[in-house]
Amino acid sequence: MTTAAELHRRTRELLAAHPPADTDRLDFLRARFDAGLAWVHYPEGLGGLAAPRALQAVVDAELEAAGAPGNDPRRIGIGLGMAAPTVLQYGTEEQKRRLLRPLWTGEEVWCQLFSEPGAGSDLAALGTRAVRDGDDWVVNGQKVWTSSAHLARWAILIARTDPDVPKHRGITYFVCDMSDPGVEVRPLRQITGEAEFNEVFLTDVRIPDSRRLGEVGDGWRVAQTTLNNERVAIGGTPVPREGGMIGKVAATWRERPGLRTHDTHQRLLGLWVEAEVARLTGVRLRQQLAAGQPGPEGAGMKLTFARLNQEISGLEVELLGEEGLLYDDWTMRRPELVDFTGRDAGYRYLRSKGNSIEGGTSEVLLNIVAERVLGLPAEPRTDKDVAWKDLAR
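(A) Spatial organisation of helix α3 (residues 56-65). The set of residues buried in α3 consists of Q56, V58, V59, E62 and L63. The buried residues of α3 all sit within an arc of 160° when viewed along its axis, so they share a single face. Residues of α3 that are exposed and angled more than 90 degrees away from the buried face: E64 and A65. Here the buried face of α3 lies against α1 (4-17) and α2 (25-34).

As structure tokens, then:
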């Protein structure tokens, strides 16, 4: 088994062969991937060394101290947090070797073609169709709320391949090339003024069967890997103590005593404690993750993330008074990432409203926690054994 000492040695060798100050950023990232130091728990040849996941911190700390460039995880979070684990678990060897390296280095951005206008919370009701035509699948449909679609080269896509079976069983999972003919991306302007999200129209898009992940009709099971990892990626991102949104409010509180009131003091104390509990719970969740695939516990973290962001940003706007009503820029932009801490309080307040929708609505996640974590009786589902084509729409 790869040890911490072995990782130290490999990291020093990487730095000696590719000094960060004298090496092109992309060349360094490629060399790091090839050395197995990208994500050390991945298999050899795929950016890792089959080492314990916890040892990634050893590599990251040494590279950070040396001033080595990073791969900008915020920009490529969908690829890192959702596509990569799914490709690793269900992809062929050819798919893994073609897709994972440029995904990790950021050369190829990914997006997620899951939600549809009529299938958001009830994702399994999706209606985008994929019909087999020789060695290809011809896909027609519409997806919505697609982050980074305007930047993406690849998309993880689920489509209905059999309408004659119940909705969860007739779905197949694909990798879609966003540059293919028939893929149209349109911006969706948000309450922030930006168009970070998109809607995507698929018209006679041909996807080779070689870009299918998993078996035909087994896409729902494959998608669960993506969704479980998505919730951890959104709600379980590691942050330092008093990091993230709570850090911004706490800094304002300390630096501007004239804004303080007894009420905001009590609320800040309560939210600070909750944020710290959430941070420590995230540490425990990532330790569980090191032992295997994420489970439904990630839904609880994502629920907490959404609620806390909205409550903290609301407190910040109230604390700032009239100043909190200001907004820096309503210009229509198509950003590459979401930067909660790099913008003003107005942006944080408005953008956090989407946290309880994206990555699974809070209402759906409450059901997941109730049924799969707490073991409570499932909600009645009258459509469970009905063919998708016979569902009322």
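Now that the structure has been shown, we can carry on.
(B) Expanded view of helix α4 (residues 77-90). Between the first and last C-alpha of α4 there are 19 Å, a value that for 14 residues agrees with the 20 Å anticipated at 1.5 Å per step. At A83, α4 shows its largest bend, some 40°, and a proline, P85, comes one to four positions later. For α4, the tally of buried residues reaches eleven of 14 residues, placing the bulk of the element in the interior. Within α4, burial applies to I78, G79, L80, G81, M82, A83, A84, P85, T86, V87 and Y90.

(C) Structural context of unusual backbone geometry. Positive phi is not limited to glycine here, since A50 has a value of about 55°. One can find A50 in the loop between α2 and α3.

(D) Broad picture of the nonpolar core. One finds W39, W110 and M178 to be the most contacted residues of the largest nonpolar core, which totals 53 residues. The biggest single contributor to this core is α4, with seven residues. In contact with M178, other than residues within four places in its own chain, are C111, L113, A149, A152, R153, W154, A155, V183, V185 and V200. Residues L37, V40, A51 and L63 belong to the second largest nonpolar core, which totals 14 residues.

(E) Expanded view of the pairing of strand β3 (residues 136-143). Relative to β3, strand β2 (residues 129-133) runs antiparallel, the two sharing five bridges. In the sheet register, V131 faces β3, and the bridge partner there is V138. Where β3 lies against strand β7 (residues 197-208), seven bridges are found, and the strand directions are antiparallel. Bridged to Q142 within β7 is F201.

(F) Quick look at the packing of α1 against α3. Where α1 contacts α3, the axes come no closer than 9 Å and their chain directions differ by 35°. As α1 packs across α3, the resulting crossing turns out to be right-handed. Side by side, α1 and α3 meet where A4, L7, H8, T11, R12, L14 and L15 of the first sit next to V58, V59, E62 and L63 of the second. When the residues that make up the contact of α1 with α3 are grouped by side-chain class, the tally is seven nonpolar, two polar and two charged.

(G) The arrangement of the pairing of strand β4 (residues 154-160) in detail. Of all seven residues that make up β4, seven are buried, and the element is covered over most of its length. The side-chain alternation of β4 yields two buried faces, one formed by W154, I156, I158 and R160 and the other by A155, L157 and A159. One ladder, built from four bridges, connects strand β1 (residues 110-113) with β4; its direction is parallel. Residue W110 lies in a different strand from β4, and its bridge partner there is W154. Summarising the sheet, β4 and strand β5 (residues 171-177) pair through seven bridges and their orientation is antiparallel. Looking at the pairing, L157 lines up with F174 of β5.

(H) Representation of the side chain of T2 within the structure. If you trace the backbone, T2 turns up in the segment before α1. Once residues within four sequence positions are removed from consideration, T2 is found in contact with L7, L49, A51, P52 and L55.

(I) Quick peek at the packing of aromatic side chains. Following the criterion strictly, the structure yields eight aromatic pairs and no others. With a centroid separation of 6.4 Å and 45° between ring planes, the pair formed by F33 and W104 is classed as tilted. Taken as a pair, F33 in helix α2 and W104 in helix α5 (residues 93-105) lie far apart in primary sequence, 71 residues in all. Here W104 falls in the buried class, since its relative accessible area comes to 4%. Seen in terms of ring centroids, F340 and Y347 are 6.4 Å apart; in terms of plane orientation they differ by 55°. Their pairing is tilted. Residue F340 shares its accessibility class with Y347, and that shared class is buried. Directly above the aromatic system of F201 lies the positively charged group of R186, at a separation of 4.0 Å from the ring centroid. It is R343 that lies over the ring of Y347; its NZ or CZ is 4.0 Å from the centre.

(J) Spatial organisation of the packing of α4 against α5. One way to put it is that α4 packs onto α5 with a least axis distance of 10 Å and a crossing angle of 165°. Relative to α5, the element α4 lies roughly antiparallel. In the packing of α4 onto α5, the handedness of the crossing is left-handed. Residues G79, L80, A83, A84, V87, L88 and Y90 of α4 form the contact with α5, whose participating residues are Q95, K96, L99, L100, L103 and W104.

The rules we used
- Residues numbered from 1 in each chain as written.
- Predicted model: local features only at pLDDT ≥ 70, side-chain atom pairs only at ≥ 80, totals over all residues.
- Heavy atoms only, no water.
- Buried < 20%, exposed > 50% of the residue type's maximum accessible area, 1.4 Å probe, protein only.
- Helix = DSSP H or I, 4+ residues; strand = E, 2+ residues; numbered from the N terminus.
- Arc of directions from axis to C-beta.
- Contact = heavy atoms within 4.5 Å.
- Expected span 1.5 Å × (residues − 1).
- Bend = angle between axes of the 7 residues up to and from the residue.
- Core = buried A, V, L, I, M, F, W, Y, C linked by side-chain atoms within 4.5 Å.
- Pairing = 2+ DSSP bridges.
- Axes fitted to C-alpha atoms, helices over the stretch in contact; angles between N-to-C directions.
- Left-handed = near helix turned anticlockwise from the far one by under 90°.
- Nonpolar A, V, L, I, M, F, W, Y, C, P; charged D, E, K, R; others polar.
- Phe/Tyr/Trp six-rings, centres within 6.5 Å; stacked < 30°, edge-to-face > 60°.
- Lys NZ or Arg CZ within 6 Å of the ring centre and 35° of its normal.
- Parallel < 35°, antiparallel > 145°, perpendicular 65-115°, else oblique.

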